[in-house]
Amino acid sequence: MADFAASAAANAVGNLATEYASPYLSYFFHYGKIVEDFKNQRQKLQSKEDRVKNEVNVAARQAEIIEMDVDHWLKTVEKELRDSQILEDEIDRIQCSKWCPNWGWRYSLSKKLVKRTLIISKLVENCNFSPVGRRAALQGIEFITSKDFRDSESSKSALKEIMEAVNAMHVNMIGLYGMPGVGKTTLATEFGKLALEQKLFDKVVMFTMSQNPNITKIQDKLADMFGLKFKATSEEGKAEELLRSMKGETNILIIVDDLWEEYKLETIGIPLGFEHEGCKILLTTRDQKVCTLMNCQKQIQLGVLSEKEGWGLFKANAGLEDGYSTLNAVAKKVAGECRGLPLAIVTVAKALKGESLEGWRAANRRLKDSRHLSNENVFGSVYRALKLSYDYLEKNNNRTTENEIQLCFLLCSLFPEDYEILIEILIMCGIGVGLFSDVDSIEDKRKEIGVALAKLQKSGLLLEADGGRRVRMHDVVRDFAHWLTSQGENRFMVKDRVKEWPNVVASFGCYTAIALWNCSCLNHFPRNVKFSKLKTLFLEGKNLQSVPSTCFEEMEALQVLFLKDVSFSLEGLQTLTNLRTLCCVECKLGNLSSSLRNLRNLEILALFYTNIDEIPENLVELPSLKSLYLSHDEERRIISFPLALWSRLSSLQELHVMSENNINLMELNSLSDLTSLSLRVSTNRYVGEDFIFPKLERYVIVFNKHLDVWQGLTFRTLEIKSLSSSLSAFKNLFHNVEILRLEEVQNLTSLPLIKSWDEEEPQLFSNLVFLNLKSLPQLESIWELQPSCHVIASFRNLKVVTIENCHKLKVIFSPCIAQCMVHLQQLYVYSCEGLEQVIGFSQEEENIENHYPLCFPKLKTVKIEGCYGLKYVFPTNTLSQGLPSLESVELRDCHRLIQVVRPTEERDIIGNPILLNLPFLRKLWVEYCPRLTGFAVQSQVMEELYLDDVGKRCQLCRTDVNQDCIVVGNHEEVFWVQGGDSFSSIKEVHLRNLSEVQIIWKDLAGVVTLDNLTSLKLYVCEKLKYIFSPSTARSLSRLANLYIMGCEELEGIILGKDQISSSSNVDTALQLSFPSLTHIEVTFCNNLRGLFPLGSAPSLQQLKCLKVENNMKLEQVFEVEDEAQVTTKDIEFDKLELLKLEDLPCLIGFSSKGYHSVFPGLNNLEATRCPKMTTTFSIDSKQIVHSKTEKGIEGSTSEITPYIVHEKDIRWERGRHETLPQYME
């Protein structure tokens, strides 16, 4: 059906072109058919638009990136339908009789209709997109968060060598080696980040191998990065799919971190060497021998820091001041003992930060005395440094029991290498092994363990992960912990990918902790072995491997049991009378009820993603139970509890039920010690106005929404959806709630905000960090306050505000509330049609406006979209340094927006511009704000600028502006140039529907540099004359994408030499170069005669796509301005894959007469409806395409000829049946 529609549209274009080839008579006598064709084509276009929009919406919901040509087509269609509606209205408005026609009107209207019909038919023809979107390419979280890199001579040298190696021909494998803790991973991550920023590669992927690589996890990560969905389930099948996928990428970098031995990377799915010369691999390893075994063509050693560099890093982390002092002298000796290893330096420095002089001297003695550590040559200095940090964990610990912080550290070492450990799991296990046993409540123990983990992170022994919900250990630190627990009384065994039981089974009795991960031998658990000292056991199976119920019979001392991915009968636990924590994850469990009666010391029971859907009555036989975690392995299954169960669990302090359940909320009030609650509540279980949630220390409560099992209790969270009653049940939680999300709550006109008269009671929302309000149909104000209230404690911690579909809301913040929001960082407002101001002043508040200047010192992001009634974003009193940290502003579809900052006087609107000094603004996006009066922005770090339909003509006076700035409005200049340096950081510029813009950068003085500009898109800027001056064009070393459409008066992309004043400083003799340009599209620019000077063509070595369409006066794509600047008449476009020349009635040639172009990589060629073109395209015996222009432009005319389907139309695609003439030398 789609093919038939496209064919019909194409025929319509051809028929119209033929019929109107002699247009003058047609305009008079075929008026009726012209009108009919116009309406039919317009109706087709509307239908096509609806279909494409539906497909786009589906793709958007799947988080796909909409293809650029689809987005371009939709925006072009939207404008075309809007413009053509005027013609349709004109047809309907003026009734012209066939017998008594108004000939002048008929001729004029027919001419317009013919032109529009051709354009519309073309749009109908070009709407067959398949698909409309694609999965977003992942960048890799390592490169987004990389911030640990610190320059040193060694790292600079290694980084330079890596850069040279990746740019060298025939170098595919690069090895970076060095001793543990020297910073190999940090340097590799920094290079990956650098490679992305400088666009050295299309894709950069990094993964960790470690001693026991998890191939499935690595393959899954690679698939995510390359947008691949596996069809195979085996490792081998996935490897084959990855190989095929990667071979389709032309330029990729794979970083293989922490490789311990020779490994065939192709078994993962990574192509090597000649299989894919565009794939480069950077591996890191401790052992240079691994580099040799992996056939690295380049091996690079990362050495330790020099004494000076090491001292500088040490001082920075220890907080020491410059200059000589006795303390600094001792500290320098301590730093020297770290032997230049960054990991050792950082951990020791952080451990000793704030110590007294005697403390530093003691540390120095201990470092010197610890030379007995094993592995002196490789690990000695690292382990000595880590041992010092570990020992210092005892300092200032006034507890009489064994040091809890050290135990917490050792507990973390039980998890697999590079594992991100959920803090909630650590808390469960820590309580089970007796951490902080002198603390009574679970909540207090939770806090103590949190403090211990924070101290471990500050000391450098642990690293934060997943936004604070998890922690992880550096592999060297983990090795150190295993060294500590390899001897003595507190011995650990940790093994990964266990296929058979270790040979030391007979000596299992000496271990206090055993962790066996990814085991395939659990069904052969050793018998008759006593585990007399074992207190902690972690077992992870594979594919629900069965564990014998007798395996725990000899573990009477066991306190913590962690099981994952096993099938097991809980009857086997009856002998574990000392068990305190039982945690089962993704397990198939049986006989829960019969296993509980003997577990009288069990404090924590956690069953995550198990098959348990009914909790037995004898749960009450666990007198010590304080924490209960439950979730089912099936999303829609309900976990059922016996009636009146909770009143009999008198010791329960924490309840976490993440699945659907039948809990009667009224019973929760019987849990007098309850401090922590995670609960999923549905409407049919809600008891309404009679119930009030108790006061809780921490909670995650979701109402009619999904509750993530691993969401954790980092923030007190309340999410309510589809509630028809009041919020009174939650009033006790409003005092300390940190995340509040309300959606579809009926009858809510404002949030309750009542000042508490109890000084000990915190104000409502005083702990609120994240606020999300969505689809609240009756919401009129977020918080209703009296005008006299100027100071309020609430909202002082608020960081992120998101508001969506609240149509009755007129203002978001009142002035007195806005004054206390000093920590606000992000503000998002979507589709609030009634919103008039973000910060609103009622009439009675107008007199206080100027007395209370507003400042949002931490506000970084403002995004407002679809707020049709919005007039102003910020009040006047934020104009002076009120937004010092703002980094991103996006304003879309705000049809009544007058100004970003409310002006003080009318003259600010019509004369002197509102000038915003936003020193950290990086992104400015203003779209579809047709009433905007214009303002100027100063920022030296701007990276992305997008302006589209930003008002009618605006006149701004630049008398008082003496710095570089950007004009946001429909003004004749976009960038006001003074010094020019302020624009050097710009990466993307998109300008659309700016009818008054004549100049983008007025740079006749040659001061503007655009070294970082990568993308420039210009649509419908009708008065634009040129884009770059020659001096500006020479700075475009990174420009990759250039799109120009509908710029009717554009005469040239680069200002011609004949237009440059003799008094300017521009040197026109310098050669132009565009080394990074990959994509060029120029359409509907009817005054353009040539695109680029021919002398710049040899620099287009990266060009992949060139589309030139519907440019009525274009005579040459590459034109000669100065023969002296053209060094050769043979020009190669090595990477050009697609060349399209279409509807160019005046085109004489691709280049000037006598010039020869070669296209080795060309796959698609279209040259259609170019009746005057004399360029011939041919193909040689090696299937390389050539072009040559036979005739120059002398004597040519720019008169526009009617559309004719020329007999020389070319449509060629490599591998298809179409052929090109044979190339002749």
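Summary of the structure given here. (Residues numbered from 1 in each chain as written. Predicted model: local features only at pLDDT ≥ 70, side-chain atom pairs only at ≥ 80, totals over all residues. Heavy atoms only, no water.)

## Observations regarding the sheet that holds strand 56 (residues 1185-1189)
With mixed pairing, 4 strands are arranged side by side in an open sheet as 51-53-56-55. Each end of this open sheet is capped by a strand with a single partner; those strands are strand 51 (1130-1132) and strand 55 (1175-1179). Averaged over all adjacent pairs, the angle separating strand axes in this sheet is 20°, with direction ignored. (Pairing = 2+ DSSP bridges. Helix = DSSP H or I, 4+ residues; strand = E, 2+ residues; numbered from the N terminus. Axes fitted to C-alpha atoms, helices over the stretch in contact; angles between N-to-C directions.)

## Some points on the sheet that holds strand 7 (residues 298-301)
One open sheet holds the 5 strands; their spatial order is 4-5-6-3-7, and the pairing between them is parallel. Two strands lie at the open edges of the sheet, namely strand 4 (203-208) and strand 7, each paired on one side alone. In this sheet, adjacent strand axes meet at a mean angle of 15° when their direction is disregarded. In this structure, strand 4 lies alongside strand 5 (residues 252-257), joined through 6 bridges in parallel fashion. In the strand pairing of strand 5, Val205 is matched with Ile254. Packed on one face of the sheet, helix 8 (residues 184-197) meets strand 3 (173-177), strand 4, strand 5 and strand 6 (279-285) and runs near 165° to strand 4. (Contact = heavy atoms within 4.5 Å.)

## Some details on the side chain of Ser413
Of note, Ser413 is situated in the loop between helix 17 (404-412) and strand 8 (421-422). Exposure remark for Ser413: the relative accessible area of 0% places this residue in the buried category. A polar contact is formed between the side chain of Ser413 and the backbone oxygen of Leu410, at a distance of 2.6 Å. (Buried < 20%, exposed > 50% of the residue type's maximum accessible area, 1.4 Å probe, protein only. Polar contact = N/O pair within 3.5 Å; in protein donor to acceptor, adjacent residues only side chain to side chain.)

## Here's the deal with the nonpolar core
Phe730, Phe813, Trp1001 and Leu1141 are the most contacted members of the largest nonpolar core, which has 211 residues in total. With 4 residues, the single largest contributor to this core is strand 14 (residues 560-569). Among all residues touching Trp1001, those that are not within four sequence positions of it are Phe975, Phe983, Val989, Val1008, Leu1010, Leu1013, Leu1016, Tyr1026, Ile1027 and Phe1028. Counting 106 residues, the second-largest nonpolar core is a separate cluster that includes Leu393, Cys429, Leu462 and Met473. (Core = buried A, V, L, I, M, F, W, Y, C linked by side-chain atoms within 4.5 Å.)

## Some thoughts on the packing of aromatic side chains
As enumerated under the stated definition, the model contains 33 aromatic pairs in all. Relative to Phe770, the ring of Phe715 lies with its centre 5.5 Å away and its plane at 90°, an arrangement referred to as edge-to-face. Of this pair, Phe715 sits in the loop between strand 23 (698-703) and strand 24 (717-723) while Phe770 sits in strand 26 (residues 770-774); the two residues are 55 residues apart in sequence, bridging distant segments of the chain. Following the ring pairs from residue to residue traces out a cluster consisting of Phe1074, Phe1092, Phe1118, Phe1133, Phe1150, Phe1159 and Phe1177. Geometry around Trp925 places Arg892 over its ring, the cationic atom sitting 4.2 Å from the centre. (Phe/Tyr/Trp six-rings, centres within 6.5 Å; stacked < 30°, edge-to-face > 60°. Lys NZ or Arg CZ within 6 Å of the ring centre and 35° of its normal.)

## Remarks on the side chain of Thr1175
By the element assignment, Thr1175 lies in strand 55. Taking the relative accessible area as the measure of exposure, Thr1175 reaches 6% and is therefore buried. At 2.8 Å, the side chain of Thr1175 and the backbone nitrogen of Phe1150 are in polar contact. A polar contact is formed between the side chain of Thr1175 and the side chain of Thr1189, at a distance of 2.8 Å. Once you skip the residues sitting within four places of it in the chain, Thr1175 turns out to touch Ile1148, Gly1149, Phe1150, Ser1151, Ser1187, Lys1188 and Thr1189.

Function-wise, these values are silent; they only describe arrangement.
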